[in-house]
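Chain by chain, the residues run as shown.
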Amino acid sequence: MITFSRQQLKIPRLQRPVYLVTAGQSKFDRAFPDKRTEELCIDAFTMAAGLLDISPAELKQYIHSCYYGHFADHFGDQLLGESVIHDRLGLDPLGNVGVKTGGATGGSTLWEGMKAVASGYSDCVLVMGWERMDEVPTDEGNFLISCAADKDWESPLGHIYTGYYAVMAQRYWQIFGKSEESFRRTLAEISVKHHGYARFNPFAQSPMKITVDDVLNSPVVAYPLRALDCCLMSVGAACAILCDEDTATQLTKNSKNKPLRIYVAAGSHTLRPADRLDMAIPLLPNETADQYKDLGERFPGGDRYPGFTGFLAARIAAYYGYGMAGITDPTTDLDLVELHDAFTISDVQTYEDIGIRPYGYGRDYVESGDCYHTNPHTGQPGKLPSNLSGGLIGCMHSVGATGIMQTFEVATHIWHRWEELHGDAQLWQKFNRVKPDDWTSLQVEGAKRGMAISHAGVGSHVTSTILMDPDHLLAKDA
Amino acid sequence: MSMFGQVFVKDNKYKIKGDFHHLTPNTPIRDADDGWKLLGVTNPRDMTYMHSYGGEAIFFESLSQGKLLATRCDNSGCGTRGTTYIPFRIHCPDCLGKNSIIDLTAVARKSARIHTFMVCERSGAFNLLDKPIKFINIEFDGVATILMSYLSLGEPKFGMRVLPIFKTSGPTFTILDLSWVPEGTPQEQLPEGFTF
Ligand SMILES: [Zn+2]
């Protein structure tokens, strides 16, 4: 049993409030044979400036330091890629730094940017993330991704990251899912939902109108996971601008964007799942130790925590983030979430890690209809809609940009600009994509608070990014 | 015929022999939908790295001798003293003292069982294992960690007892030299080069 000290469990405190004032993103796709990465970054930056009704040149005047999320140098075959982008954005001589934490890179980049503003080092920062995953064929791409596992102890085993993940999924599937056909169908529903929501998102790479049976009949990748249970491999860029209060007020004075309070927190766990030692479940504010006393009886084999079934890093990121933002129950305090659905099953695991449902009951979030924009059982708004962007399964997983794309999506709901930014016929046309005849607005009415979870493979790094309308904060000093 | 890059160390320096990279020309990438205009270029590259196992070298050497090593913190001042690690940890993650190296082969033969597994139909480039790959994660009595490896024979199940096998003939000196088979597998069924 390992334990954590009081100092380690301190709730993080910011020296001053930090605001997200705008964000933007490029089109996402499997390949861009006709665009360089910097063109995609400039697309994202230009969009962010446009949402403030100012020019990119004007926005640049405010920026004081830059945080660049780009995970895999070897994919783009360019070291110091951050420096290339910084130069092409014309941001010299400002200080800039690259951030790399696997799938959580986007979230970690926001984390760094937030700290720079909160500390007073900068009043306004650029947070930009991107990934270039189309310079190698898919099996070489899988090899390059597998380099994120331990190179001596794991990667030689097939050079396939999905396999390292899937052993965890298998354990969850058998212990908490009890290998039930009904649970397998619930997993498939997640894919149907995310590919379905992607149909209404012009930025999204994989819009699909599919059924549960289509998912269950797609090729097996690693049983029980099938091709349609897995996230995409993408190219694209996303950015956000974070500021102190005065700069936020100035930058938004002619804009429909309201400055949103932002809190970002991070957790970690061993790179190799093999090394995860036993511990008591760290509790979130909506849980008690008592409720987990008989977890092993309810789910035989489920008493080893976090074992291969829980993501400690996600739990800790939620613990810090909820503490900072004053969240006591994510389902009631938040209006929407964007979760890191690398696989349908890890999406379910995350519901539990971040306290949307107790450990063992993640599937209920889907089965109850709470995770939908409109609950399919009641026709009423879902209690806590998730991944209206389409997520990593339907929209994109352009690694360094992913956590920022999720944050952009959450912000568009709180700004009440989702419909404008996803329904614009010109945007569909510019991206050479067909706006479906049954296009429907997924705006979450009255959204005031949301969260994005950014997660690195097998749960080595996880961040929680919480956005709130400043007139609807949950804690005074938060 | 060129020779693959080979390396040994003398006087604490890498001594290299053979080809560490191969030259292949760039070729243009053109747009078949737009008059074959130039879009980009291929960048072929094939390199050999020189990687040190450092304090874990003894683990990989021992696999080729049919032994499974682990480590244990024996520091009397450490809060997690007595914890046994495999994967091998050179230093204790708690006190950062140097761990003791222990032979886990007998414990593995007596207690190894499958904690979880995955049958994987796909692999990445450069994979050397036969597909489907049967990933298994193995628990041992008295060990705090759960080792990832692969099952060479049979179908994996939770709780299934497995025995370690070692590539003692023609070893690769990688983690692939360690594999597992169901308890009761006869020696003559083991994959080529492997022994119990
Ligand atoms: Zn120790």
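Residues numbered from 1 in each chain as written. Chains lettered and ligands numbered in written order. Predicted model: local features only at pLDDT ≥ 70, side-chain atom pairs only at ≥ 80, totals over all residues. Heavy atoms only, no water.

1. Some details on the sheet that holds strand S12 (residues 178-182) of chain B
All names here are of chain B.
- Read from one edge to the other, the open sheet built from three strands follows the order S12-S11-S13, with strand pairing classed as antiparallel. Two strands in the sheet have a free side with no partner beyond their single neighbour: S12 and strand S13 (194-195).
- Bridge count for strand S11 (residues 162-167) against S12 is five bridges, and the pairing is antiparallel. The partner of Val 162 across the bridge, within S12, is Pro 182. (Pairing = 2+ DSSP bridges. Helix = DSSP H or I, 4+ residues; strand = E, 2+ residues; numbered from the N terminus.)

2. Thoughts on the domain arrangement of chain A
Residues and elements named next belong to chain A.
- Partitioning chain A into structural domains gives domain 1 (19-136 + 235-251) and domain 2 (267-469).
- Distance between the C-alpha centres of domain 1 and domain 2: 23 Å.
- If you look at the interface, domain 1 gives 37 residues, while domain 2 gives 30 residues.
- Roughly 2300 Å² is buried in total at the junction of domain 1 and domain 2, and carbon and sulfur atoms are behind 71% of that figure.
- The largest share of the area that domain 1 buries against domain 2 comes from Lys 27, Phe 28 and Leu 51, three residues that together contribute 24% of it.
- Two residues, Arg 433 and Asp 29, come together in a salt bridge whose shortest N-O distance is 3.6 Å.
- In this assembly, domain 1 and domain 2 are joined by eight residue pairs in polar contact (both at pLDDT 80 or more).
- Going through the elements one at a time, strand S1 (19-25), helix H1 (37-51), helix H5 (105-118), strand S4 (124-131) and strand S7 (236-243) are the ones with two or more residues in the side of domain 1 that touches domain 2.
- Of the residues belonging to the side of domain 1 that touches domain 2, the class tally is 19 nonpolar, 15 polar and three charged. (Domains from an automatic or database assignment. Contact = heavy atoms within 4.5 Å. Buried area = accessible area lost by both parts, 1.4 Å probe. Salt bridge = Lys/Arg side-chain N within 4 Å of Asp/Glu carboxyl O. Polar contact = N/O pair within 3.5 Å; in protein donor to acceptor, adjacent residues only side chain to side chain. Nonpolar A, V, L, I, M, F, W, Y, C, P; charged D, E, K, R; others polar.)

3. Quick notes on helix H4 (residues 81-88) of chain A
Residues and elements named next belong to chain A.
- Residues of H4 that are buried include every one of Gly 81, Glu 82, Ile 85 and His 86, and no others. Buried residues of H4, viewed axially, fall in a sector of 135°; they line one side.
- Taken together, the buried residues of H4 touch H1, strand S2 (65-69), strand S3 (95-99) and S4.
- Positioned one or two residues after H4, Gly 90 has a phi angle of 65°, which is positive. (Buried < 20%, exposed > 50% of the residue type's maximum accessible area, 1.4 Å probe, protein only. Arc of directions from axis to C-beta.)

4. Thoughts on the interface of chain B and chain A
- Residue-level contacts link 40 residues of chain B with 38 residues of chain A.
- The interface formed by chain B and chain A contains two salt bridges.
- In this assembly, chain B and chain A are joined by 12 residue pairs in polar contact (both at pLDDT 80 or more).
- Of all the secondary-structure elements, those providing two or more residues to the side of chain B that touches chain A are helix H1 (57-63), strand S8 (113-120), strand S9 (133-139) and strand S10 (147-150) of chain B.
- Element by element, the count of residues in the side of chain B that touches chain A is highest for S8(B), at six residues.
- Among the residues making up the side of chain B that touches chain A, the classes are represented as 25 nonpolar, 10 polar and five charged.

5. Structural notes on empty space enclosed by the protein
All names here are of chain A.
- Using the criterion set out here, one finds three cavities of 30 Å³ or more in the structure.
- As for the largest cavity, its lining consists of Phe 176, Ile 281, Leu 295, Gly 302, Arg 304, Tyr 305, Thr 309, Gly 310, Glu 352 and Tyr 359.
- For the lining of the largest cavity, the class distribution of residues is five nonpolar, three polar and two charged. (1 Å grid on protein atoms, 1.4 Å probe; cavity = no way out; pocket = protein on both sides within 12 Å on 5 of 7 lines; lining within 4 Å. Points joined across faces, edges and corners; volume = space filled by probe spheres on them.)

6. As for the coordination of the zinc ion
Residue and element names in this part refer to chain B.
- Each protein donor to the zinc ion is listed here as Cys 73 (SG), Cys 78 (SG), Cys 92 (SG) and Cys 95 (SG); together their distances run 2.3 to 2.4 Å.
- One can describe the donor arrangement at the zinc ion as tetrahedral, given that its four donor atoms subtend angles of 104 to 112° at the metal.
- Mapping the donors of the zinc ion onto the primary sequence yields the spacing C-x4-C-x13-C-x2-C. Taken together, the residues Cys 73 in the loop between strand S5 (69-72) and strand S6 (84-85) and Cys 92 in the loop between S6 and strand S7 (100-103) connect sequence positions 19 residues apart. (Donors = N, O, S within 2.8 Å, 3.2 Å for Na, K, Ca; no water. Tetrahedral: all angles 85-135°; square planar, octahedral: opposite > 155°, others 65-115°.)

7. What about the layout of surface pockets?
Residues and elements named next belong to chain A.
- Of the voids in this model, the second largest pocket is the one considered here, and its volume is about 870 Å³.
- Around the second largest pocket, the lining comprises 42 residues; the ones closest to its centre are Ile 145, Cys 231, Leu 232, Met 233 and His 397.
- Among the secondary structure elements, those contributing two or more residues to the lining of the second largest pocket are helix H3 (73-76), helix H6 (138-146) and helix H7 (161-175).
- If one sorts the elements of the lining of the second largest pocket by residue count, H6 sits on top with four residues.
- When the residues that make up the lining of the second largest pocket are grouped by side-chain class, the tally is 24 nonpolar, 16 polar and two charged.
- Both domains that meet at the lining of the second largest pocket, namely domain 1 (19-136 + 235-251) and domain 2 (267-469), each give it at least three residues.

8. Observations regarding the pairing of S8(B)
Residues and elements named next belong to chain B.
- Extensive coverage of S8 is indicated by the burial of seven of its eight residues.
- Relative to S9, S8 runs antiparallel, the two being bridged by seven bridges. Bridge pairing in S9 places Ile 114 opposite Ile 138.

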